[in-house]
Amino acid sequence: MTGTAPESGAIRVREGLRRGDLAALAALTAGTARPLTAQELALLVLVDPDPRSSIVLVAEDTGDTEDSADTEGLTGDPAPVGFAHIAAQDGAAYLVSGAVHPAHRRRGIGTRLLDAALVHARRWGAETLVISGRPRGYAAPGVDEAADPGAAAFLRARGAHGAGSALAMERDLADLAGPAEGTGAHEHAGEGRRGSQADRALPPDLRIAPCAPEEVPEMLTAVRLRLSEDWAQLLGAHVAHRAEEEARGHPSAEGSAGPAGTILLARDAVGPAGEILGVAAWDVVGADPERFGPIGVLPAARGRGVGGALLDAALERMARAGARRAWFQWTSASGPAHCMYLSRGFRPLATTTPFELPVSPAAVPIPAVPTPKERTRP
């Protein structure tokens with residue numbers, strides 16, 4: 001995917017996916033700061049298949065056709081040279097992911113895709129195009145300016161501005177690894193910790209255990225109403241997928257814990273109803289069992305040590321399941337969550353910048369960009 005741009009035809013942008021597109025589009029991200037597998041891209045795209053709020057724009061080179069039957073089942077389809085996945089949510093539009101083939105850069109393809117994204121953002125009534133930061137699907141939250149300065153410069157030249165920063169972090173789990181246990185110490189109220197997290201006793205008024213199948217509806221309702229609609233959709237899709245796999249005879253890694261076994265619930269151990277106080281999960285985003293999150297504590301339960309207890313319990317379970325590290329995509333570099341992660345041995349992995357681009361014609365006019373001259377084959 002490197003080298004001199006071939007002599008090509010005109011660039012056109014189409015909407016929607018064809019058969020075989022996901023693998024071809026994922027391949028375009030191989031040389032970027034955030035490469036995606038076809039499976040990861042599918043999760044981002046298919047989490048919201050409604051064309052009224054999620055569209056994939058594909059840039060094709062009309063002079064470069066693929067001699068493959070993987071697209072539409074036909075030969076001679078133009079080869080994808082770039083793409084952009086955009087989605088709408090809560091009044092904003094998000095450029096969730098995208099890339100341009102290295103050999104076809106500086107042909108105005110990125111500009112064509114961004115212009116098309118802005119058109120759809122206006123149709124959706126959005127005032128802002130966010131790049132990317134969209135929590136649904138856990139796409140990369142912005143641009144890694146150190147690894148991809150060209151993308152940041154391109155966006156700023158188009159009028160986009162940075163909107164804070166997002167910190168990815170990781171932690172080695174070797175110090176927590178131990179023999180598998182049927183019932184962890186932190187499944188019972190009041191019992192202490194072991195390993196390097198030792199001496200951090202579980203608050204006596206908490207009980208932490210994997211989410212049982214019969215608890216899933218209550219868990220999803222609590223997350224949806226008190227934490228995040230996106231998280232509820234993500235966790236619900238994960239449980240449904242794992243349940244389907246188990247029905248096909250492919251048990252999940254968590255075994256008897258069921259399809260929600262990598263979702264921990266913190267409950268009130270002294271209250272009459274044992275209400276849910278918080279949730280922590282891992283191996284629910286993409287296909288990486290070492291990816292941690294989401295984690296959240298219901299507003300009424302904050303300040304009781306629930307978040308730290310959930311994090312400790314999740315890390316120990318990940319280590320016992322064989323994970324060598326835990327990592328998550330982003331958190332704010334300032335705030336209590338960041339301090340909690342640092343106290344548990346996490347270290348910075350990467351920092352990204354979410355960008356925002358106003359899409360209202362009255363706010364920031366979109367600069368006119370000359371269309372590159374078409375190149376034809378000799």
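Residues numbered from 1 in each chain as written. Predicted model: local features only at pLDDT ≥ 70, side-chain atom pairs only at ≥ 80, totals over all residues. Heavy atoms only, no water.

With that out of the way, let us pick up the overall build of the protein chain. On a plain count of helices and strands, the protein chain comes out with eight helices and 14 strands. Within the protein chain, the fraction of its 378 residues that count as buried is 48%. Excluding contacts between residues fewer than 6 apart, the proportion of contacts in the protein chain whose partners are at least 24 apart in sequence is 70%. Just so you have it, the protein chain exposes about 17,300 Å², and 54% of that area is on carbon and sulfur atoms. (Helix = DSSP H or I, 4+ residues; strand = E, 2+ residues; numbered from the N terminus. Buried < 20%, exposed > 50% of the residue type's maximum accessible area, 1.4 Å probe, protein only. Contact = heavy atoms within 4.5 Å. Areas by Shrake-Rupley, 256 points an atom, 1.4 Å probe, with all protein chains shown as cover.)

As a further point, take the nonpolar core. One finds Phe292 and Tyr341 to be the most contacted residues of the largest nonpolar core, which totals 31 residues. Within the residue set of this core, elements represented by two or more residues are strand S7 (166–172), strand S8 (206–210), strand S9 (263–268), strand S10 (276–282), strand S11 (292–297), helix H7 (306–320), strand S12 (325–331) and helix H8 (336–343). Take this core: its biggest share by element is nine residues, from H7. Once you skip the residues sitting within four places of it in the chain, Tyr341 turns out to touch Met169, Phe292, Ile295, Leu311, Phe328, Thr331 and Phe346. Formed by 27 residues, the second largest nonpolar core is a distinct cluster that contains Ile55, Ala93, Leu113 and Leu357. (Core = buried A, V, L, I, M, F, W, Y, C linked by side-chain atoms within 4.5 Å.)

The geometry of helix H1 (residues 21–28) relative to helix H2 (residues 38–46) is characterised by a closest axis approach of 8 Å and an angle of 110 degrees between their N-to-C directions. As the angle between them shows, H1 and H2 are arranged roughly perpendicular. Contacts between H1 and H2 pair Leu22, Ala23, Leu25 and Ala26 from the former with Ala38, Leu41, Ala42 and Val45 from the latter. In the contact of H1 with H2, the residues fall into eight nonpolar, no polar and no charged. (Axes fitted to C-alpha atoms, helices over the stretch in contact; angles between N-to-C directions. Parallel < 35°, antiparallel > 145°, perpendicular 65-115°, else oblique. Nonpolar A, V, L, I, M, F, W, Y, C, P; charged D, E, K, R; others polar.)

The next thing to look at is helix H6 (residues 229–247). The terminal C-alpha atoms of H6, which comprises 19 residues, lie 27 Å apart, in line with the 27 Å expected from a rise of 1.5 Å per residue. Lining the buried residues of H6 we find strand S3 (77–89), helix H5 (216–226), S9, S10 and S11. With a side-chain oxygen lying 3.2 Å from the backbone nitrogen of Asp230, the N-terminal cap of H6 falls on Ser228. Of the residues flanking the end of H6, it is Gly249, one or two places downstream, whose phi is positive at about 90 degrees. (Expected span 1.5 Å × (residues − 1). Polar contact = N/O pair within 3.5 Å; in protein donor to acceptor, adjacent residues only side chain to side chain.)

This part takes up the pairing of strand S4 (residues 92–100). Where a strand is regular, its side chains alternate between the two sheet faces. Counting buried positions along S4 gives eight out of nine residues, so the element sits mostly inside the fold. As paired elements, S3 and S4 share eight bridges and run antiparallel to each other. Looking across to S4, one finds that Ala84 is bridged to Gly98. Between S3 and S4, which pair antiparallel in sequence order, lie two residues; one of them, Asp90, sits at a positive phi of approximately 55 degrees. (Pairing = 2+ DSSP bridges.)

Of all residues in the protein chain, 78% have pLDDT values of 70 or greater, and the mean over the chain is 81. The model gives residues 67–75 a pLDDT under 50, and that stretch makes 16 contacts with residues more than four places away or in other chains. (pLDDT = per-residue confidence, 0-100.)

Before going further, it helps to spend a moment on the pattern of salt bridges. The final tally for this structure, using the stated rule, is 21 salt bridges. The closest approach of N and O atoms between Asp205 and Arg304, which form a salt bridge, is 2.8 Å. Highlighted residues: Asp205 in the loop between S7 and S8 and Arg304 in the loop between S11 and H7, separated in sequence by 99 residues. By relative accessible area, which is 23% here, Asp205 ends up partly exposed. The exposure class assigned to Arg304 is partly exposed, which follows from its relative accessible area of 28%. With a closest N to O distance of 2.6 Å, Glu244 and Arg248 form a salt bridge. (Salt bridge = Lys/Arg side-chain N within 4 Å of Asp/Glu carboxyl O.)

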